[in-house]
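Now for the letters of each chain:
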Amino acid sequence: MYTTPMKLDKELVAASSVPLVLSILAEGQSYGYAIIQRVKELSDGKIQWTDGMLYPVLHWLEDQDYVRSEWREADSGRKRKYYSLKAPGKRALREQQDQWRVVNRALNQLWDLRYA
Amino acid sequence: MRDLEKQIADWRRSIADASKHRPETLNELETHLRDEIDRLIQAGTPAEDAFTVAFTTLGSPAALCAEFDKLEQLRRAKWKPATFAQWACIAIAVLFALALVPRIGHGRMTLLLASHVLTVSVGYVMMFIIGGLAICHVLADWFQRTSSSQTYALRRTIFQLATISAVLTAIGILLGMMWAKHNWSRYWAWDPKETGAVIVLVCATFTMGVRWFRPASHNALVIMGILGNIGTGWGWLGANTFGHISPLLIAFFGTQCLLLTAFSATTWLRKPQAWC
């Protein structure tokens, strides 16, 4: 079966970037490239970020004291900047989860009712 | 491979020219570019095409710079009352210090006592300024919804001032304890002024700690700012007018409690509108 690749609205992609990054970092520390690969994997490639746009988000999260970063040498010998979640970031993630669950529940109720 | 290195060097130069990125950011972006090139080559993309594909995926230098510039604009975001508050704190600290110098010179005050007075007074005033800023933001938000950059500037200023206030008050308390031990032969006695200082310290610490227990909440910060104002008023003015409830003090607390109630009510009323 042929399906047209779904393109998410730019606004939705932007709005979901912070909860996605925080959730991925909640799994363990990671670096920019790996975060993008994880997002692609989780969304079957449907969430398409221009890779470079992730970094301002990561730096903003660092400004907000949600994440910390450190440069470390990977096994390959390449130096990478690893990000990990700090306590305020964990709390911010919980708040984001609550908010997105409200939206998710409301939409599910509406759509289940209408398309049942 | 030499071509690839040259391409990466050219790309790095073009990004550096287009914006004032810090070398660390450039290194991070370059690592990303190299990771993507490696993945593409492993997936079978010819080495000569890998750079072009990776470059496109990462985003053009202009687009990248535009995104980082947005972040810089947010970092430099200014809100006039917040800037005024910062300058007011500096001015008040200088004025306090200038007022204390002659007293030390004339031997009416020891350096230890003057340092205690200076640190606690500036710490307390900063808490009042934080409260004033929070009130200012509430009023501004009622008449004209504040922008995200203004909110960012408010958060940044409140956290900065609350941190400095907590540190200064804590230092002031320690200096006061040393002075009390020297002059009254005891460190602490929970007298009204000492208790007041602890109240102010608790208020400053809680305001500073909003980022820990409600990091994403703007309203929590504003509410804590006003509560901190009330607490500091009680701790400072209350301690100094102990036993005498002046009409001015009642007006001070009354106005702020009213404002806090009104802000909480409008925040609660506004909530459902967010889903419209």
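These notes cover the structure that comes with them. (Residues numbered from 1 in each chain as written. Chains lettered and ligands numbered in written order. Predicted model: local features only at pLDDT ≥ 70, side-chain atom pairs only at ≥ 80, totals over all residues. Heavy atoms only, no water.)

### Structural notes on the overall build of chain B
The criterion, for reference: Counting from the N terminus, the helices are DSSP H or I runs at least four residues long and the strands are E runs at least two residues long. For every residue, the accessible area obtained with a 1.4 Å probe (protein chains only) is divided by the maximum for its type, and the residue is called buried under 20%, exposed over 50%, and partly exposed between those limits. Between two residues, a contact is recorded if the distance between any of their heavy atoms is within 4.5 Å. Each accessible area value is a Shrake-Rupley result obtained with a 1.4 Å probe; residue values ignore everything except the protein chains displayed when judging cover.
Of the regular secondary structure elements, chain B holds ten helices and zero strands. Along chain B, helices (α) and strands (β) appear in the sequence α-α-α-α-α-α-α-α-α-α when read from the amino end. Among the 276 residues that make up chain B, the fraction classed as buried is 41%. Counting contacts in chain B only where the partners sit at least 6 residues apart, residues at least 24 apart contribute 74% of the total. By element, 67% of the accessible surface of chain B is carried by carbon and sulfur atoms, the whole surface being about 15200 Å².

### What to know about the pairing of strand 3 (residues 79–85) of chain A
Residue and element names in this part refer to chain A. Selection rule: Here a strand pair is declared whenever DSSP counts at least two bridges between the two strands.
Of all seven residues in strand 3, six are buried, a share of seventy percent or more. Where strand 1 (residues 30–31) lies against strand 3, two bridges are found, and the strand directions are antiparallel. Along strand 3, the bridge assignment pairs S30 with Y83. Sheet analysis places strand 2 (residues 67–73) next to strand 3, joined by seven bridges and oriented antiparallel. Each bridged residue has a counterpart across the sheet, and for W71 the counterpart in strand 3 is K81.

### Things to note about helix 2 (residues 32–42) of chain A
Rule in force here: Directions are taken from the helix axis to each C-beta atom, and the arc is the one they span.
Where helix 2 of chain A is concerned, the buried positions are G32, Y33, I35, I36 and V39 of chain A. For helix 2 of chain A, the buried positions fall inside an angular range of 165° around the axis, keeping them on one side. Contacts made by the buried residues of helix 2 of chain A are with helix 1 (10–26), strand 1, helix 3 (54–63) and strand 3 of chain A together with helix 2 (23–42) of chain B. A positive backbone phi angle near 50° is found at D44 of chain A, which sits one or two residues after helix 2 of chain A.

### Quick look at the side chain of E30 of chain B
Residue and element names in this part refer to chain B. Within the secondary structure, E30 is located in helix 2. Residue classification places E30 among the buried residues on the basis of a relative accessible area of 15%. In this structure, E30 is in contact with I8, W11 and R12, ignoring residues within four places of it in sequence.

### Focus on a nonpolar patch on the surface
For clarity, the cut-off: Patch criteria: residues need more than 30% relative accessible area and no salt bridge. Like-charged residues are merged within 9 Å; nonpolar side chains of Val, Leu, Ile, Met, Phe, Trp and Tyr are merged within 5 Å. When a carboxyl oxygen of Asp or Glu lies within 4 Å of a side-chain nitrogen of Lys or Arg, that pair is called a salt bridge.
On the surface, a nonpolar cluster with roughly 560 Å² of combined accessible area is contributed by W87, I90, V94, L95 and L98 of chain B. Examined against the element boundaries, L98 of chain B turns out to sit in helix 5 (residues 80–105).

### Here's the deal with helix 5 of chain B
Residues and elements named next belong to chain B. Stated precisely, the cut-off is as follows: Multiplying 1.5 Å by the helix residue count minus one yields the expected span of that helix.
For helix 5, with 26 residues, the first-to-last C-alpha span of 38 Å sits near the 38 Å given by 1.5 Å per residue. Along helix 5, the residues that are buried comprise A82, A85, A88, C89 and L100. Against helix 6 (111–143) and helix 7 (148–184) lie the buried residues of helix 5. G107, located one to two residues past helix 5, shows a positive phi value of around 75°.

### Description of empty space enclosed by the protein
Rule in force here: Cavity: a set of points on a 1 Å grid over the protein atoms alone where a 1.4 Å probe fits but cannot get out. Pocket: an open set with protein on both sides within 12 Å along at least five of seven lines, its lining residues, like those of a cavity, having an atom within 4 Å of a point. Grid points are joined across faces, edges and corners, and a volume is the space filled by probe spheres set on the points. Only Asp, Glu, Lys and Arg are considered charged in this grouping, and only Ala, Val, Leu, Ile, Met, Phe, Trp, Tyr, Cys and Pro are considered nonpolar; every other residue, Gly among them, is considered polar.
In this structure the tally under the stated criterion is one cavity of 30 Å³ or more. Its volume calculated, the largest cavity comes out at about 60 Å³. If you go around the largest cavity, the residues you meet are Y31, G32, Y33, Y55, W71, R80 and K81 of chain A together with E28, T31, H32 and D35 of chain B. Counting residues per element, the lining of the largest cavity draws most heavily on helix 2 of chain B, at four residues. Of the residues contributing to the lining of the largest cavity, the split by class is four nonpolar, three polar and four charged.

### Let's talk about the packing of aromatic side chains
Our working definition: Only Phe, Tyr and Trp rings take part, Trp by its six-membered ring, and two of them pair if their centres are within 6.5 Å. Stacked means planes under 30 degrees apart, edge-to-face means over 60, and tilted covers everything else. In this scheme, the term charge over a ring applies when either NZ of a lysine or CZ of an arginine sits within 6 Å of the ring centre and within 35 degrees of the ring normal.
What the rule picks out here adds up to eight aromatic pairs over all chains. Between the aromatic rings of F128 of chain B and W236 of chain B, the centroid separation amounts to 5.8 Å while the plane-to-plane angle is 25°, which identifies the pairing as stacked. In this pair, F128 of chain B is assigned in helix 6 and W236 of chain B in helix 9 (residues 218–240), connecting sequence segments 108 residues apart. Taken together, the aromatic side chains of Y124, F128 and W236 of chain B make up a single cluster linked through ring pairs. The ring of Y82 of chain A carries the charged tip of R72 of chain A above its face, separated from the ring centre by 4.2 Å.

### So, the packing of helix 7 of chain B against helix 8 (residues 192–213) of chain B
All names here are of chain B. This is how it is decided: Simply put, an axis is a line fit to the C-alpha atoms, just over the touching stretch for a helix, and the angle between two N-to-C directions goes from 0 to 180 degrees. For classification purposes, angles smaller than 35 degrees are called roughly parallel, those larger than 145 roughly antiparallel, those between 65 and 115 roughly perpendicular, and all remaining angles oblique. Working rule for handedness: look at the near helix, and if it is turned counterclockwise from the far one by less than a right angle, call the crossing left-handed; if clockwise, right-handed.
Direction vectors running N to C along helix 7 and helix 8 enclose 150°, while the axes themselves pass 8 Å from each other. Taken together, the axes of helix 7 and helix 8 are roughly antiparallel relative to one another. For the element pair helix 7 and helix 8, the recorded crossing hand is left-handed. Contacts between helix 7 and helix 8 pair I158, F159, A162, T163, S165, A166, T169, A170 and I173 from the former with A197, V198, V200, L201, A204, T205, T207, M208, V210 and R211 from the latter. Looking at the contact of helix 7 with helix 8 residue by residue, the classes come out as 13 nonpolar, five polar and one charged.

### Brief notes about the sheet that holds strand 3 of chain A
The strands that make up a sheet are held in pairs by hydrogen bonds between backbone atoms, and each pair lies either parallel or antiparallel. Residue and element names in this part refer to chain A. Taken in spatial order, the three strands line up as 1-3-2 in an open sheet, and their pairing is antiparallel. For this open sheet the edge positions go to strand 1 and strand 2, each flanked by a neighbour on one side alone. Helix 1 rests against strand 1, strand 2 and strand 3 of the sheet, and its axis sits at about 95° to strand 3.

### Notes on the interface of chain B and chain A
Interfaces are often sized by the accessible area lost when the parts come together. So the rule is basically this: Computed with a 1.4 Å rolling probe, the buried area is the accessible surface lost when two parts are put together, summed over both parts.
Contacts between chain B and chain A engage 32 residues on the former and 31 residues on the latter. Summing both partners gives a buried area of about 2700 Å² for chain B against chain A, and 57% of it is carried by carbon and sulfur. For chain B, the biggest contributors to the area lost against chain A are E28, H32 and W212 of chain B; these three give 23% of the whole. Along the contact surface separating chain B from chain A lie four salt bridges. Between R78 of chain A and D38 of chain B there is a salt bridge, with the nearest N and O atoms lying 2.9 Å from each other.

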